[in-house]
Amino acid sequence: MNIVTYTAKPQLPEELKPLEELAHNLWFSWNYDAVNLFIRLDHDAWSASGQNPVLTLSMVAQETFEQCAADDSYVAAVNSVYERFKRYKRGETWYSGNTTDTIAYLSMEYGLDVSLPIYSGGLGVLSGDHLITSSDLGLPLVGVGLLYRQGYFQQYLNADGFQQESYPENDWYNMPVRRCPDEGGNDLKITVQMADAHVVARIWEVQIGRNSLYLLDTNIEENSEEFRRVTATLYGGNRETRIRQEILLGIGGIRALRALGINPAVTHMNEGHSAFLGIERIREHMLTHKLSLSEAIQAVWPTNIFTTHTPVPAGNERFSVDLIRKYFPSITHGIEISFDDFMGLGREHPEDELEHFCMTVLAMKLSSYNNAVSELHGHVSREMWHDIWKELPLNEVPITYVTNGVHARTWLAHDVVDLLDRYFGPRFYDEPTDLTIWNRIDRISDEELWRTHERRKARLVQFARDRLEKQLRARGATGSNLVQAKQVLSPSVLTVAFARRFATYKRASLLFRDPDRLMKLLADNDRPIQIIFSGKAHPHDIPGKNLIKEIVHFASQPEVRSRIVFLENYDMNIAQYLVSGSDLWLNTPRRPLEASGTSGMKAAINGALNCSVLDGWWAEAYDPSIGWAIGNGEEYEDEELQDEIEVKALYNLLEQEIIPAFYDRGLDGLPRTWIGMMKRSMQQVGQRFSSARTLMEYAERFYIPALENFRTISADEYKLARELAERMTNLQLHWDQIAVREIISNHSRQLHVGEPLPVEAVVHLGDLTPEEVCVELYHGRIDSQGNIEHPDRREMQVIKRSAENASWRYAVQAECRMAGRQGYAVRVLPKHKALVHEFLPRLVRWS
């Protein structure tokens, strides 16, 4: 059948034309006044569209458009919002540097708005907040991802409470995304080789305030059905599907930016899925600038940034040797590299021929900037990937951390935004980087804050009832069951929320280890609690699905049916109701498996209090005045013992501290102690865990230096890259010749604090010269394991050439800084002015 296609657009009156532009820019998602325009236009259409403004416009009757165009109050609201939108786009921003060169941010998923379902959970939502905040700050950053025609799965439960999945098709022509045209007005496309196939991808654009996200789509006629499915589902398919998706994201993503005329001077890999971009950038430099392989690596290394998000092994993508062998020729086309050398880039132990290829390792080896997403996760990551830099002490493994944050205006309920705007003033909107504004929280009276929270909680209860009734109807329930759905939960009861991915390490069922104690709390007539659960298990995660089933079965008991609810198909819409309407946000991961977590941050800025294991972000944020900690940060080898100890600790907190704090009221009916904690929590979390703080850290520590690195390394036809490659090649060739032959201690065995510590060393450099290496004194306190902790590093200087031709005598004078057992060693590191840092795999030599 020959089908001729065309695109139809709603016919908007002139007065309402701004609605189309607003609908296609996700600025609306963090500006409720813009959302309200579509709600006012046609509330039924807005609800039926799934809160999708583009689809809403296509569903509204022409008569309704004409009526609204004749309504001066509605037109005035449209013009007011549109003017605010234009002021935002042209306004001054925190970043005022050069915007010619671009930072490319690549992620497998993006959680920007419920109307664009290309996310599964926390990683995507973090990516979404990252892009939104980069727009607020004016950073020259673009996002790149994949356009999944079925997104992540839709969850529903069968009559037994077991998770089922459906995969509805997305209609991109009625979503806030547009195709990118080429010069002739046709779809802009790029081609990527995947083994023996040429795969074509169309490029789409999502506008996010000042910035853009570009998405690749293989569901086009040029591809066979097999390759049209590459962008079918997020985290779907088999291992071959995954490697194809990651080739498309990494290699295709860079090609898409080039096709768009964008120079990705700096690239940021959000997780290892996009790590093949490093290979594509190397290929570009070799072909375009005529660099050798080693020169191209030195050109891209200072401009690559990698963020790791998980200490869970399954979160770090690995591919078998055979699968990599199949795709190796197409991945490395145009690059003269052997299969073994390529595999070495993706292995912790390059000499191990059986080790799988790890995308995280590839990303780390090709990036000069590597970071985890919380302080604790930084420590865990350095331990986890220590073997890549096994010659370094653990604390020097070059993986730092930037703790995640959340975009306040995306996640604050509009009632709360209105309240904060009144008391914080215009700077709260106009200056998103001024986080001291949260100190004004005490200007809000206890009464006003509590009434706002009560309104949000009442909306959450009504929302949960409506969703539960819908769920039960879908399962075939009738009669009394539907009536009961309308009576679950109460706006006056302490409401606990547990909402996140149902991975087993998150321990959603921890409370159910003591069902009698739980039943007592739920059924208490005077001071009850109620719990709302929501979350998806991965389609292949049977233990995770069984956790959901266990909760649903417990909740079906008549005594507690009105006190426990499981909301199906957890998404950003459900999350926004839960974080803004709950009293207590519960989090029970096995420490240290929660890299960061951000849902508790979202709850906190809305006024909910956190009760969590000291893991991820809460290990940094916890203060007894803002929430509760389950345990004291212990880690256990025996998981059964851990569960037993921590469930008792959790119940003790609930019974002895949390429930009394919520229900103890004064004559005015207000829980003053609880409200005081709400205010302190909002103030501290709002300041410390804002995505504005996160992005400013990324910019100051990584983005701006990496942009400068690009300009420096590419100057004079990549002169520095060529020099650095020559230096590194020489170092690698002769590194085994280096030896610290002798340490000469020119001091007594007992020193007083403040006395000088003169040290000399004889270092054999072989065919290397002193200009090529840095010889350091590594000095500090000796810990109980015999290691040097909190070292003082002092570069040693050459004082003469030793009698032995290839040896050099170095000297330095340090200082005895503290009392106790001290020690020192001498080590040799690479040296070059263009190195971002000197901690390179296998290039360390100790005394």
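You'll find the structure just up there.
Below: a short report on this structure. Small disclaimer: the values here were computed from a predicted structure and weren't measured.

## Some words on the overall build of the protein chain
Of the regular secondary structure elements, the protein chain holds 28 helices and 28 strands. A compact globule built from 847 residues should have a C-alpha radius of gyration of about 29 Å, and the protein chain, at 29 Å, falls within 12% of that. Principal-axis analysis of the C-alpha atoms gives the protein chain an extent of 95 × 70 × 50 Å. Within the protein chain, the fraction of its 847 residues that count as buried is 60%. For the protein chain, contacts bridging at least 24 residues in sequence account for 73% of all contacts bridging at least 6.

## A few points about the pattern of salt bridges
In this structure the tally under the stated criterion is 64 salt bridges. For the salt bridge of R793 with E396, the shortest nitrogen-to-oxygen distance reads 4.0 Å. Here E396 lies in the loop between helix 15 (375-384) and strand 14 (400-401) and R793 lies in strand 24 (residues 788-795), a separation of 397 residues in the sequence. Its salt-bridge partner being D415, residue R459 comes within 2.4 Å of it at the nearest N-O pair. Of this pair, R459 sits in helix 19 (residues 446-474) while D415 sits in helix 17 (residues 414-424), and the two are 44 residues apart along the sequence. Given a relative accessible area of 35%, R459 falls into the partly exposed group.

## Describing the nonpolar core
Core analysis: the largest hydrophobic core is formed by 177 residues, its most contacted members being L19, F276, F342, Y703 and V773. With 17 residues, helix 28 (residues 691-734) is the largest single contributor of residues to this core. The residues contacting V773, other than those within four sequence positions of it, are L731, W735, I738, L765, L768, Y810, V828, L829, P830 and K831. Membership of the second largest hydrophobic core comes to 105 residues, among which are W438, L510, I532 and F554.

## With respect to the pairing of strand 9 (residues 264-270)
For strand 9, a buried count of 7 out of 7 residues is recorded, marking the element as mostly surrounded by other parts of the structure. The pairing of strand 1 (residues 102-107) with strand 9 spans 6 bridges and is parallel. Residue pairing for strand 9: T102 is matched across the bridge by P264. Sheet analysis places strand 9 next to strand 10 (residues 304-307), joined by 4 bridges and oriented parallel. The residue of strand 10 that forms the bridge with M269 is F306.

## Details of the packing of aromatic side chains
For the structure on display, the rule yields 32 aromatic pairs. On the numbers, 4.6 Å between centres and 45° between planes, the contact of Y152 with F153 is tilted. Look at F498 and F533: their rings are 5.8 Å apart centre to centre, the planes differ by 45°, and that puts the pair in the tilted class. Of the two residues, F498 sits in strand 15 (residues 494-499) while F533 sits in strand 16 (residues 529-534), which places them 35 residues apart along the sequence. Owing to a relative accessible area of 1%, F533 belongs among the buried residues under this scheme. Directly above the aromatic system of W411 lies the positively charged group of K602, at a separation of 4.3 Å from the ring centroid.

## With respect to a negative patch on the surface
There is a patch of like negative charges on the surface, built from D340, D341, D352 and E353. You can see D341 is positioned in helix 13 (residues 339-345).

## What about the pairing of strand 10?
With burial as the criterion, each face of strand 10 is covered, one bearing N304 and F306 and the other bearing I305 and T307. By the bridge criterion, 3 bridges tie strand 10 to strand 13 (residues 369-372) in an arrangement that is parallel. Bridge assignment links F306 to a residue of strand 13, and that residue is N370.

## Notes on the sheet that holds strand 19 (residues 609-613)
Pairing is parallel across the open sheet formed by 6 strands, whose spatial order is 17-16-15-18-19-20. The strands lining the two open edges of the sheet, one partner per strand, are strand 17 (564-567) and strand 20 (627-630). Averaged over neighbouring strand pairs, the angle between their axes works out to 20° when direction is ignored. Across the face of the sheet, helix 19 comes into contact with strand 15, strand 16 and strand 17 while running at roughly 70° to strand 17. Against the sheet, helix 26 (residues 639-663) touches strand 15, strand 16, strand 18 (584-587), strand 19 and strand 20, its axis set at about 165° to strand 20.

## Regarding helix 17
Regarding helix 17, the residues found buried are D415, V416, V417, L419, L420 and F424. Against helix 16 (408-411), helix 18 (427-430), helix 19, helix 24 (599-606) and helix 27 (672-688) lie the buried residues of helix 17. Downstream of helix 17 by one or two residues, G425 has phi in the positive range, about 90°.

## Observations concerning unusual backbone geometry
Looking along the chain, the bond that leaves R591 and enters P592 is cis, with omega of 10°. Within the element layout of this structure, P592 appears in the loop between strand 18 and helix 24. Non-glycine residue K290 carries a positive phi angle of around 55°. Locating K290 in the fold gives a position in the loop between helix 10 (276-288) and helix 11 (293-300). Since its relative accessible area comes to 65%, K290 is described here as exposed. Of note in this structure, E717 is not a glycine but carries a positive phi near 55°. When you line up the elements, E717 lands in helix 28. A relative accessible area of 66% places E717 in the exposed class.

## Concerning the sheet that holds strand 27 (residues 822-830)
Spatial ordering of the open sheet is given by 24-23-27-28, a layout of 4 strands whose pairing is antiparallel. Two strands bound the open sheet, and with one partner strand each, they are strand 24 and strand 28 (845-846). For strand 23 (residues 773-782) and strand 24, the ladder comprises 6 bridges, and the chain directions are antiparallel. Its bridge partner lying in strand 24, H779 is registered against D792.

## A short note on the packing of helix 11 against helix 28
Closest axis-to-axis distance for the helix 11/helix 28 pair is 8 Å, and the angle between their directions is 115°. Relative to helix 28, helix 11 is oriented roughly perpendicular. Here helix 11 and helix 28 pass one another in a crossing that is right-handed. Here S294, E295, Q298 and A299 of helix 11 lie close against helix 28, whose contacting residues are I713, Y718, A721, R722, L724, A725, M728 and T729.

## Details of helix 11
Those residues of helix 11 that sit buried are E295, A296, Q298, A299 and V300. As for helix 11, its buried residues are in contact with helix 10, strand 10 and helix 28.

## Thoughts on the environment of R801
With respect to the helices, strands and loops of the structure, R801 is situated in strand 25 (residues 797-801). The exposure class assigned to R801 is partly exposed, which follows from its relative accessible area of 43%. The sequence separation of R801 and L593 amounts to 208 residues, and the corresponding C-alpha distance is 52 Å. Excluding anything up to four places from it in sequence, R801 contacts A806, S807 and W808.

Analysis parameters
- Residues numbered from 1 in each chain as written.
- Predicted model: local features only at pLDDT ≥ 70, side-chain atom pairs only at ≥ 80, totals over all residues.
- Heavy atoms only, no water.
- Helix = DSSP H or I, 4+ residues; strand = E, 2+ residues; numbered from the N terminus.
- Rg over C-alpha atoms; globule rule 2.2 N^0.38 Å.
- Buried < 20%, exposed > 50% of the residue type's maximum accessible area, 1.4 Å probe, protein only.
- Contact = heavy atoms within 4.5 Å.
- Salt bridge = Lys/Arg side-chain N within 4 Å of Asp/Glu carboxyl O.
- Core = buried A, V, L, I, M, F, W, Y, C linked by side-chain atoms within 4.5 Å.
- Pairing = 2+ DSSP bridges.
- Phe/Tyr/Trp six-rings, centres within 6.5 Å; stacked < 30°, edge-to-face > 60°.
- Lys NZ or Arg CZ within 6 Å of the ring centre and 35° of its normal.
- Patch = residues over 30% accessible without salt bridge, like charges linked within 9 Å, V, L, I, M, F, W, Y side chains within 5 Å.
- Areas by Shrake-Rupley, 256 points an atom, 1.4 Å probe, with all protein chains shown as cover.
- Lys, Arg positive; Asp, Glu negative; His and termini not counted.
- Charge placed at Lys NZ, Arg CZ, Asp CG, Glu CD.
- Axes fitted to C-alpha atoms, helices over the stretch in contact; angles between N-to-C directions.
- Parallel < 35°, antiparallel > 145°, perpendicular 65-115°, else oblique.
- Left-handed = near helix turned anticlockwise from the far one by under 90°.

Keep in mind that these numbers describe shape and distance, not what the molecule does.
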